[in-house]
Amino acid sequence: MDVAPPTSAAESGSTTAREPQHPAASVGRQRWSVGHGLRQLAHLPHCGHRPILADLRFLRDSLAFARDVHARCGPVSHGVLFARAQVLLMSAEANEAVLADREGAYCARGGWEPLLGRLFPGGLIMRDGDDHRRHRRWMLPALRREALARHIARMVPAIEAAADRWAAGPHLDVHAAIRELTLGIALETFLGVAPGSSARAIGADYEALVDASAAVLRLPLPGTRHARGRAARGRLEHFLHRLATERVRAPGQDLFSQLCVAAAQGGDAPTRAELVDHMVFLLMAAHDTTTSALVTTVASLAVEPQWQDRLADEIAQVAATASAASGDGEVAEVLRLDRLERCGWALREALRLYPPIPTLARSAAREVTLHGHRIPAGAPVTLFPLLVQRDPRWWTDPDRFDPLRFSPERAEHRRHPGIWTPFGGGAHMCLGMNFAELQSRAVLRALLRRVRWSCGPHDRYDHAFAPIGHPRGPFTLRLRAAHVPGADGEAGHAAPR
Ligand code: HEM
């Protein structure tokens, strides 16, 4: 089955009237049917999995799929995956070459648009070249450190309140709890929408949109997940257009207000329609990814109680020493979170083992050679961070959760620029990386101040990588009140906040 990418902004449902084209995007859009693609790629090793069966295998166990393909074919192969004949690239060298893209040989739009274009048209990841630079430059101030400090300071009380609720019970459905929290935070900090019925309705539309982006069938046939996603997108666009008018009139502290005010000044700024496209994409980019990072960190720590204690020690130390030194302002909160170095290692290690976005998409803008293999112009290529981040060539005991590998003494992630890429790299490197990192540290801190956790008696964490990492089934933690490490086994006392 070949899924035809949208041929015009109107057909794709985009609010953006006319977007500049990258040369490779048009190469891929005009000619790359499955049959044509398979003929173009026939000189490359075949991945050994038939169309559709490859998708099913990948969805069932992405890591086993990637290991199998790599064992058969090495770093470069081809096959039909996600309804496209494409090149599968599985090496640190390929990650570096494609993401850094020093020669302008790859196109992000050609890679991502067939997967996301109908539901998230105009998103930053689907822009290339000067157009991408202009839009990224325009969005950057809203996520700069000063703005971040304001967002973080506003979200910390919500995180602490959620942790209070979580700590009240003996069990926690960790995915549901964290997902609800990160969505609430995203709506409040990005849009300025406080919890309540409006937030619930927007949240439900977001869930439908994200759910649709995971559907194998990407045609808006009535009753399908895709059709529901398209309807949800229509409602969100309508809401955001109205909200933009309000935010220009009376800006708030939220990110959308900042962008609306900048857009209203005209000049190089995007149009209102482009702004709406950016917001729809940004919420999607931020929400499930951060949830995934947090869930896998918490799940990894569940079987490493000594790491929970080490991180709690660090949190207590920073609380004791930093508040006197740094005061109470917004920036002080960021400085305190910055100092949670070990929490940072634990998060990075979970991102290594379970990258929330397990594969990255591009297309070749012109013919290129990788690992001695010719990749023709227009070919879609997929990178596999989920495999490279566990490659024993680069990582010691790669399947083990070992945060110390990120310590300055070991710094395994510095062995090659292409081995740790959970946030991508190069021009499209995640714009929300610092935001995600600080938010995740704040959630870990709130949890560790209150509780320690282990897996339920019949629970073991079973991770599904695709399309965005999540637990395969229900995953419940057993909670107990936090004790100061070293305190006797009795009732104990909560660690200092
Ligand atoms: C742990 C959480 C996150 C992970 C693992 C993650 C991962 C990624 C990755 C891998 C890319 C690059 C995709 C590519 O090159 O093809 C990306 C891009 C992006 N991310 Fe994130 N992300 C996270 C959180 C966030 C947050 C919180 C935001 C917003 C505040 C955000 C906004 C974006 C945007 C706008 C892009 C597109 C950048 C561009 O094309 O220039 N992400 N993210």
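Residues numbered from 1 in each chain as written. Predicted model: local features only at pLDDT ≥ 70, side-chain atom pairs only at ≥ 80, totals over all residues.

**Considering the overall build of the protein chain**
Within the protein chain one finds 19 helices and twelve strands. For the protein chain, buried positions account for 48% of its 497 residues. In the protein chain, of all internal contacts separated by at least 6 residues, the share reaching a separation of at least 24 is 73%. (Helix = DSSP H or I, 4+ residues; strand = E, 2+ residues; numbered from the N terminus. Buried ≥ 20, exposed ≤ 12 C-beta atoms within 10 Å, placed from the backbone. Contact = placed C-beta atoms within 7 Å.)

**Observations regarding the site of the ligand**
Around the ligand, the surrounding shell holds 23 residues, and the nearest of these are Ala 286, Thr 289, Gly 424, Cys 430 and Gly 432. Every element with two or more residues in the shell around the ligand is listed here: α14 (272-302) and α19 (433-450). For the shell around the ligand, the element with the most residues is α14, which contributes six residues. Of the residues contributing to the shell around the ligand, the split by class is 17 nonpolar, five polar and one charged. (Near = placed C-beta within 6 Å. Nonpolar A, V, L, I, M, F, W, Y, C, P; charged D, E, K, R; others polar.)

**Regarding the nonpolar core**
In this structure, Leu 89, Ile 159, Leu 283, Phe 384 and Ala 442 are the most contacted members of the largest nonpolar core, which totals 130 residues. Counting residues per element, this core draws most heavily on α14, at 16 residues. Ignoring sequence-local partners within four residues, the contact set of Leu 89 consists of Pro 75, Val 76, Ala 94, Val 98, Leu 370, Val 381, Thr 382, Leu 383 and Phe 384. (Core = buried A, V, L, I, M, F, W, Y, C linked by C-beta atoms within 7 Å.)

**Quick word on the environment of Arg 235**
Take Arg 235: it is sitting in helix α12 (residues 225-249). Since 15 C-beta atoms lie within 10 Å of it, Arg 235 is described here as partly exposed. Between the C-alpha atom of Arg 235 and that of Ile 202, which follows or precedes it by 33 residues, the distance is 8.6 Å.

**Regarding the pairing of strand β2 (residues 84-89)**
Burial analysis of β2 places six of its six residues in the buried class, the great majority of the element. The sheet contact formed by strand β1 (residues 76-81) and β2 spans six bridges and is antiparallel. Bridge pairing in β2 links His 78 to Val 87. The turn joining β1 and β2, which pair antiparallel and follow one another in sequence, is formed by two residues; a positive phi near 55° is taken by Phe 82. Inspection of the sheet shows β2 paired to strand β8 (residues 380-383) by three bridges, in the parallel sense. (Pairing = 2+ DSSP bridges.)

**Observations concerning the packing of α14 against helix α17 (residues 341-353)**
Remark: α14 packs on α17, axes separated minimally by 9 Å, with the N-to-C direction vectors making an angle of 105°. Comparing their axes, α17 and α14 come out roughly perpendicular. Contacts from Ala 293, Thr 296, Thr 297, Ser 300 and Leu 301 of α14 reach α17 at Ala 346, Leu 347, Ala 350, Leu 351 and Leu 353. Classifying every residue of the contact of α14 with α17 gives seven nonpolar, three polar and no charged. (Axes fitted to C-alpha atoms, helices over the stretch in contact; angles between N-to-C directions. Parallel < 35°, antiparallel > 145°, perpendicular 65-115°, else oblique.)

Spatial relationships are all this shows, so hold off on functional conclusions.
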